Amino acid sequence: MKINNYHKVNTLDEAYALITGNKSSSIIAGGAWLKFSKKTIEDAIDLSNLNLDKIVEAEETFEIGCMTTLRNVEKNQSLQNFYDGIIVKSISEIMGIQIRNIATIGGTVAGRYGFSDLIPVLLVLDTKLLFYKKGTITLEEFLNLKGFNSDILIKIIINKKIGKAKFISMRKTSNDFSVINVAVLKNDKECKIAVGARPNGAIFAKKAMEYINNFKTYNKEVIDECASITSKEISFGSNSRASKEYRVELCRVLVKRGLQEVL
Ligand SMILES: Cc1cc2nc3c(=O)[nH]c(=O)nc-3n(C[C@H](O)[C@H](O)[C@H](O)COP(=O)(O)OP(=O)(O)OC[C@H]3O[C@@H](n4cnc5c(N)ncnc54)[C@H](O)[C@@H]3O)c2cc1C
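Scope of this entry: the structure provided in the associated data block. (Residues numbered from 1 in each chain as written. Predicted model: local features only at pLDDT ≥ 70, side-chain atom pairs only at ≥ 80, totals over all residues. Heavy atoms only, no water.)

## Brief notes about the overall build of the protein chain
Turning to step 1, where the next piece is worked out: Counting secondary structure elements, the protein chain contains 11 helices and 12 strands.
Turning to step 2, where the next piece is worked out: When the backbone C-alpha atoms are referred to their principal axes, the protein chain occupies close to 60 × 45 × 35 Å.
Turning to step 3, where the next piece is worked out: Put simply, the protein chain has 263 residues, and 48% of those count as buried.
Turning to step 4, where the next piece is worked out: Long-range contacts, defined here as pairs at least 24 residues apart, represent 61% of the contacts in the protein chain between residues at least 6 apart.
Turning to step 5, where the next piece is worked out: Accessible surface computed for the protein chain: about 12900 Å², of which carbon and sulfur atoms make up 49%.
Turning to step 6, where the next piece is worked out: For the protein chain, the centre of its 38 positive side-chain charges and the centre of its 29 negative side-chain charges are spaced 4 Å apart. (Helix = DSSP H or I, 4+ residues; strand = E, 2+ residues; numbered from the N terminus. Buried < 20%, exposed > 50% of the residue type's maximum accessible area, 1.4 Å probe, protein only. Contact = heavy atoms within 4.5 Å. Areas by Shrake-Rupley, 256 points an atom, 1.4 Å probe, with all protein chains shown as cover. Lys, Arg positive; Asp, Glu negative; His and termini not counted. Charge placed at Lys NZ, Arg CZ, Asp CG, Glu CD.)

## Some points on the packing of aromatic side chains
Turning to step 1, where the next piece is worked out: Following the criterion strictly, the structure yields 11 aromatic pairs and no others.
Turning to step 2, where the next piece is worked out: Seen from their ring centres, F62 and F82 are 5.1 Å apart, and the 65° between their planes marks the pair as edge-to-face. On the criterion of sequence distance, the pair formed by F62 in strand β5 (residues 61-65) and F82 in the loop between α3 (77-81) and α4 (86-92) is long-range, its members being 20 residues apart.
Turning to step 3, where the next piece is worked out: Centroid distance Y113 to F115: 5.2 Å. Interplanar angle 0°. Geometry classified as stacked.
Turning to step 4, where the next piece is worked out: Taking the relative accessible area as the measure of exposure, F115 reaches 25% and is therefore partly exposed.
Turning to step 5, where the next piece is worked out: Here a set of aromatic residues connected by ring pairs shows up, and it is made of W33, F36, Y113, F115 and F177.
Turning to step 6, where the next piece is worked out: Across from the ring centre of F142, 4.7 Å away, lies the NZ or CZ of R112, which sits over that ring.
Turning to step 7, where the next piece is worked out: Over the ring of F62 we find K160; its NZ or CZ atom is 5.3 Å from the centre of that ring. (Phe/Tyr/Trp six-rings, centres within 6.5 Å; stacked < 30°, edge-to-face > 60°. Lys NZ or Arg CZ within 6 Å of the ring centre and 35° of its normal.)

## Section: the side chain of S90
Turning to step 1, where the next piece is worked out: With respect to the secondary-structure elements, S90 resides in helix α4.
Turning to step 2, where the next piece is worked out: The contact partners of S90, leaving out residues within four places of it in the chain, are D117, L118, V121 and F167.

Shape descriptors only; they carry no functional weight alone.
Shown next, in the form of structure tokens:
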């Protein structure tokens, strides 16, 4: 990565003007992932002066500023207890503390990386995102947007609910990307299932969710069937980490284990 001009902006207006004015401009968050890129960035926009690195816990929500590092999310005591610590669990498996001290939650969400461990978790938590121009949209809407490079993600908003949740990822070695990851959640209203690292980005298992949400009690057959529906409805691919067929089989097993935990 080569940067021609580095701007440490003092307002979001300033940042927005720089993004929209130039196609080869880019927001730099932690820069941990961007630095692997070979591209030349004409205007790099650093948001670190804008006080966007706070986690605010209100009565009904957690609001996490885009520049909050993954490590600070991981160390937050309230998040450690929220839904069995599912957010913290998904983050704490990413590389080492050095990387998590640099990488931010904003860069993680805005990057929409297929391998992301956090995104499936945020999906089942019904996360909303506040953008500078787009305003508030759901994470699912954002993941489905075609093309995105002209807005600023300001914060991640998570509704506080009570329930059980489980994140499971399969890695070949601890520092590698997930071969597949699964997030399963159950609260007083519903059960949610999301699958990521397919190797494409995380999506809901909508048919499986519809199936399981018809039941009030859950026996082994119901759980097995739900896991099987998930592995059939989600589309998988092959890459250097795993074949499509292996991912299908892993999906069924991991969803089953997740459901057994949360139900
Ligand atoms: C060596 C390494 C290994 C990793 N392994 C894993 C792993 O196993 N699992 C996993 O889930 N993740 C992994 N990651 C990814 C990491 O967790 C972060 O998601 C990634 O580094 C992006 O965060 P960042 O702060 O570095 O963003 P940056 O690299 O600074 O930015 C990423 C992208 O987001 C854009 N952006 C950043 N902030 C904003 C904003 N506020 N508004 C709009 N756009 C924005 C940038 O312009 C850029 O396009 C790994 C990263 C590294 C470097």
